[in-house]
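A structural walkthrough
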Amino acid sequence: MKSDLFSSEHMAQQATAPGMTLQNAKSIKYAVNGEMHARQGSMIAFRGDLQFERKGQGLGGMLKRAVTGEGLPLMAVRGQGEAWFAHEAANCFIVEMEQGDVLTINGRNVLCFDATLAYEIKTVKGAGMTGGGLFNSVFTGYGKLGLMCEGNPIVIPVSPQQPVCVDTDAVVGWSAHLNTSLHRSQSVGSMLRGGSGEAVQLRLEGEGFVIVRPSELKTEKASSN
């Protein structure tokens, strides 16, 4: 049988080392040798001896259930084998964190991560009760973090001289030591005339970066999570 479908671009190869790699732009492959964590329901295929276990809020080293603004649950994947993860054909990318790095990520953009990474659900300081920016997952430790984004992400540098304002429905994450607050860019007069649709943004100040996606959160997707 012959087809471009069977080209090396599409064929899954046997892993040569444990851990996370990009299978392609839309999926992440993880060679499991022990334990890793992933967004619940994101596994699209696996081979080998793997077990998938949903975990709630637990004690000690038990995997916590990540409760973000979208109520994202996580699962533990244990054993030896290979698993592939994806979600709604979103673009995937991998962040390699080193000891001392701290990254805050919107829960809806988390796909999978190494068990060596620790995470905590925190409120975003200064963000009030905005829909997309109330809770974020703060990752620390060392290891790889698999993220997903609708479209190609944009990374914008933030400096003391150039703070950045982002739409709370478009922000993916930022370097966690940045200061956050709400910024109102719409005048009262404009609001009385019906508004521009861009009333309030998340303002980030300091030294670091912010990641945004080239689209705002769709209400129907947010309610289905």
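Quick look at the structure, then. (Residues numbered from 1 in each chain as written. Predicted model: local features only at pLDDT ≥ 70, side-chain atom pairs only at ≥ 80, totals over all residues. Heavy atoms only, no water.)

Here we have six strands laid out as an open sheet, ordered β8-β9-β6-β13-β16-β11, and antiparallel in their pairing. With partners counted over all chains shown, the strands left at the sheet margins are β8 (117-123) and β11 (154-158), one partner each. Each strand axis lies, on average, 20° off the axis of its neighbour in the sheet, ignoring direction. Two elements, strand β6 (residues 102-105) and strand β9 (residues 135-141), share four bridges in a ladder whose sense is antiparallel. (Pairing = 2+ DSSP bridges. Helix = DSSP H or I, 4+ residues; strand = E, 2+ residues; numbered from the N terminus. Axes fitted to C-alpha atoms, helices over the stretch in contact; angles between N-to-C directions.)

Attention now moves to the packing of aromatic side chains. Applying the stated criterion across every chain, the model contains four aromatic pairs. With a centroid separation of 5.7 Å and an interplanar angle of 70°, the aromatic rings of Phe-113 and Tyr-119 are classed as edge-to-face. Phe-113 sits in the buried class, given a relative accessible area of 0%. What makes Tyr-119 buried here is its relative accessible area of 7%. Between the aromatic rings of Tyr-119 and Phe-139, the centroid separation amounts to 6.0 Å while the plane-to-plane angle is 35°, which identifies the pairing as tilted. Residue Tyr-119 is located in strand β8, and its partner Phe-139 is located in strand β9; the two are separated by 20 residues in the primary sequence. With respect to class, Tyr-119 is no different from Phe-139; both count as buried. Linked through ring pairs, Phe-113, Tyr-119 and Phe-139 together constitute an aromatic cluster. (Phe/Tyr/Trp six-rings, centres within 6.5 Å; stacked < 30°, edge-to-face > 60°. Buried < 20%, exposed > 50% of the residue type's maximum accessible area, 1.4 Å probe, protein only.)

Attention shifts here to the nonpolar core. Residues Met-36, Val-77, Phe-85, Leu-111 and Cys-112 are the most contacted members of the largest nonpolar core, which totals 16 residues. Elements represented by at least two residues in this core include exactly β2 (27-39), β4 (74-85) and β7 (110-114). The greatest single-element share of this core, amounting to five residues, is contributed by β2. Membership of the second largest hydrophobic core comes to 15 residues, among which are Phe-93, Phe-139, Leu-147 and Val-172. (Core = buried A, V, L, I, M, F, W, Y, C linked by side-chain atoms within 4.5 Å.)

Moving on: the pairing of strand β10 (residues 143-149). For β10, the buried fraction is high: six of the seven residues fall into the buried class. Sheet topology note: the β7/β10 ladder contains three bridges and is antiparallel. Looking at β10, one finds that Phe-113 is bridged to Leu-145.

A separate point is the side chain of Ser-159. The residue Ser-159 is located in the loop between β11 and β12 (164-166) in this model. Look at Ser-159 and you get buried, because its relative accessible area is 15%. The contacts of Ser-159, once residues within four sequence positions are left out, are Gly-206 and Glu-207. (Contact = heavy atoms within 4.5 Å.)

Across the 12 residues of β4, nine count as buried, placing the element largely inside the fold. In the sheet, β2 pairs with β4 via 12 bridges, with the strands oriented antiparallel. The residue bridging Glu-35 from the neighbouring strand is Arg-78, located in β4. In this structure, strand β3 (residues 43-54) lies alongside β4, joined through 11 bridges in antiparallel fashion. By the bridge assignment for β4, Arg-54 is matched with Met-75.

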